[in-house]
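Secondary and tertiary structure notes
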Amino acid sequence: MITVTADPFPFTFDPDHVALLCIDFQRDFMEAGGFGESLGNDVSRLRTTIEPTKRVLDLFRSQGWPVIHTREGHRPDLTDLFPSKRDRGNPSLRIGEEGPMGRLLVRGSAGHGIVPELAPVEGEVVLDKPGKGSFYATDLETILRARGITHLVVTGVTTEVCVQSTVREANDRGFESLILADCTGSYFPEFHESALAMFSAQGAIVGWVGTSDALLDAIP
Ligand code: TIU
């Protein structure tokens, strides 16, 4: 068993039953000209997550532990895009419209891809999802249960949107999540801090919050 220093108390997992979730590290959220910027956000805020997440990815790869990447996006014909999502906010470009990195949040466009620093390698699961939560309308739960995974190390963007939805979905399904504070990020620093505080409050009501260093220090 491996025990990681975390809030509100140490997170213990069996390495035979853990997976790393990398949520939506897509160019559309993390690079200029993408969907995140079209919503008026400063995408540079998310880039601090790349270096620590790469170190955690390298750890999982060297240990042979499973890695699952998710991508938020839609079919090219947009048949899986609810009007309520398409029309939300007041973006300069909407989902499906042509931007500098191709059609925003459309599968197959350059912007939909994961940033090169954290790109999946052979053998890692890449899961496309139409919503914020990674369990909604995907086979993530089936994949985790088929491999006997009970514990998740969670990284990704943005903390209070797709990461928050995913860890709440995981919690309701009985999975235990360790969310890494430095490997998650938001366009809004105060939302990042609030979301992390909400996860670990009330005796880890949603999950545990730790850091990449704490995880790396815990591995013998
Ligand atoms: N807008 C925002 O903060 N996030 C999203 O739209 N999707 C994800 O968080 N991946």
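Residues numbered from 1 in each chain as written. Predicted model: local features only at pLDDT ≥ 70, side-chain atom pairs only at ≥ 80, totals over all residues. Heavy atoms only, no water.

1. Looking at the overall build of the chain
Heads up, the condition is: Note on conventions: DSSP H or I runs of at least 4 residues are helices, E runs of at least 2 residues are strands, and numbering of each starts at the N terminus. The size measure is the radius of gyration over C-alpha atoms, and the globule rule it meets is 2.2 Å times the number of residues to the 0.38 power. With a 1.4 Å probe rolled over the protein chains alone, any residue whose accessible area is under 20% of its type maximum counts as buried; one over 50% counts as exposed, and the rest are partly exposed. The accessible surface values rely on the Shrake-Rupley method and a 1.4 Å probe; as for residues, cover is taken only from the protein chains in view. When charges are counted, Lys and Arg contribute as positive and Asp and Glu as negative, whereas His and the chain ends are disregarded. To locate a charge, take atom NZ for lysine, CZ for arginine, CG for aspartate or CD for glutamate.
Helices and strands together make up the secondary structure of the chain, namely eight helices and ten strands. Against the globule reference of 17 Å for 220 residues, the chain gives a C-alpha radius of gyration of 17 Å, in line with a compact fold. Dimensions of the chain, computed from the C-alpha atoms along their principal axes, are close to 50 × 35 × 30 Å. Buried residues in the chain amount to 54% of all 220 residues. Accessible area of the chain: about 9,500 Å², with a carbon and sulfur share of 52%. Within the chain, one finds 20 positive and 31 negative side-chain charges whose respective centroids are separated by 6 Å.

2. Topic: the pairing of strand β7 (residues 125-129)
Looking down a regular strand, the side chains alternate between one sheet face and the other. Going by this rule: DSSP bridges decide pairing: two strands pair if at least two such bridges lie between them.
Taking every second residue as pointing to the same face, the buried face of β7 carries V125, L127 and K129, while none of V126 and D128 on the other face is buried. Sheet topology places strand β4 (residues 67-72) next to β7; five bridges connect them, and they run parallel. Across the sheet, residue H69 finds its bridge partner in β7, namely V126.

3. Considerations on the site of the ligand
Stated formally: For this description, a residue counts as near a given molecule or strand if any of its non-hydrogen atoms is within 4 Å of it. Any pair of nitrogen or oxygen atoms within 3.5 Å is treated as a polar contact; in protein, a donor-acceptor pairing is required on top of that, and neighbouring residues in sequence qualify only through side-chain atoms on both sides. Here a cavity is any set of points on a 1 Å grid over the protein atoms alone where a 1.4 Å probe fits but cannot get out, and a pocket is any open set with protein on both sides within 12 Å along at least 5 of 7 lines; a residue lines the site when it has an atom within 4 Å of a point. Here the criterion for a molecule occupying a pocket or cavity is that more than half of its atoms lie within 2 Å of the pocket grid points. Ten residue types, Ala, Val, Leu, Ile, Met, Phe, Trp, Tyr, Cys and Pro, are classed as nonpolar, four, Asp, Glu, Lys and Arg, as charged, and the remainder, Gly among them, as polar.
Taken together, the neighbourhood of the ligand is formed by D24, F29, L39, E72, V157, T158, V161, C162 and Y187. Within the side chain of T158, an N or O atom sits 2.8 Å from an oxygen atom of the ligand. Here an oxygen atom of the ligand and a backbone polar atom of C162 are 3.2 Å apart. Surface burial for the ligand is 90%, taken as the share of its 280 Å² of free accessible area covered by protein chains. Taken atom by atom, the bulk of the ligand overlaps the largest pocket. Taken together, the residues of the shell around the ligand break down into six nonpolar, one polar and two charged.

4. Section: the state of the cysteines
Rules: In this description, a disulfide is simply a cysteine sulfur pair whose atoms lie within 2.5 Å.
For the coordinates displayed, the defined rule picks out zero disulfides. For C22, which is in no disulfide, the shortest distance to another cysteine sulfur is to C183 and amounts to 8.6 Å. Its relative accessible area of 3% is what places C22 among the buried residues.

5. Concerning the pattern of salt bridges
In plain terms, the rule: Counted as salt bridges are all cases of a side-chain nitrogen of Lys or Arg within 4 Å of a carboxyl oxygen of Asp or Glu.
Counted under the stated rule, the structure contains 13 salt bridges. Notably, a salt bridge pairs R86 with D87, separated by 2.9 Å at the nearest N-O pair. Of the charged contacts, one joins E141 and R173 as a salt bridge, the two residues approaching to 2.9 Å between their closest N and O atoms. On the criterion of sequence distance, the pair formed by E141 in helix α5 (residues 140-146) and R173 in the loop between α6 (159-172) and β9 (176-185) is long-range, its members being 32 residues apart. You can call R173 partly exposed: its relative accessible area is 30%. A cluster of three or more residues bridged by salt bridges with shared partners is formed by E51, R55 and D213.

6. Remarks on the sheet that holds β7
Which entries qualify depends on this criterion: Here, axes are lines fitted to C-alpha atoms. For helices the fit covers the stretch in contact, and angles between N-to-C directions go from 0 to 180 degrees. Note on contacts: a residue pair is in contact if any heavy atoms of the two residues lie within 4.5 Å.
As summarised here, the arrangement of the six strands in space is β7-β4-β3-β8-β9-β10, forming an open sheet in which the pairing is parallel. Strands at the two margins of the open sheet, each flanked by one partner only, are β7 and β10 (208-210). Adjacent strand axes in the sheet meet at a mean angle of 25°, parallel and antiparallel pairs treated alike. Lying over the sheet, helix α3 (residues 50-63) contacts β3 (18-23), β4, β8 (151-157) and β9, oriented at roughly 145° with respect to β3.

7. Details of the packing of aromatic side chains
Stated precisely, the cut-off is as follows: Stacked, tilted and edge-to-face are the three classes assigned to paired rings of Phe, Tyr and Trp, where Trp is represented by its six-membered ring and a pair needs centres within 6.5 Å; plane angles under 30 degrees give stacked, over 60 edge-to-face, the rest tilted.
Counted according to the given criterion, the structure contains eight aromatic pairs. Ring centres of F11 and W208 lie 5.2 Å apart, and the angle between their planes is 65°; this geometry places the pair in the edge-to-face category. Of this pair, F11 sits in strand β2 (residues 11-13) while W208 sits in strand β10, and the two are 197 residues apart along the sequence. Residue F11 is classed as buried on the basis of its relative accessible area, which comes to 1%. A network of ring pairs unites the aromatic residues F9, F11, F13, F60, W65 and W208 as a single cluster.

8. Looking at the packing of α6 against helix α7 (residues 189-204)
Keep this limit in mind: When describing relative orientation, an angle under 35 degrees is termed roughly parallel and one over 145 degrees roughly antiparallel, while 65 to 115 degrees is termed roughly perpendicular and anything else oblique. Left-handed describes a crossing whose near helix is turned anticlockwise from the far helix through less than a right angle; right-handed describes the clockwise counterpart.
Where α6 contacts α7, the two axes come as close as 10 Å, and the packing angle between them is 15°. Comparing the axis directions of α6 and α7 gives the class roughly parallel. Crossing geometry of α6 relative to α7 is assigned as right-handed. Of the residues in α7, those touching α6 at T159, E160, Q164, V167 and R168 are F191, H192, A195, L196, M198 and F199. By residue class, the composition of the contact of α6 with α7 is six nonpolar, three polar and two charged.

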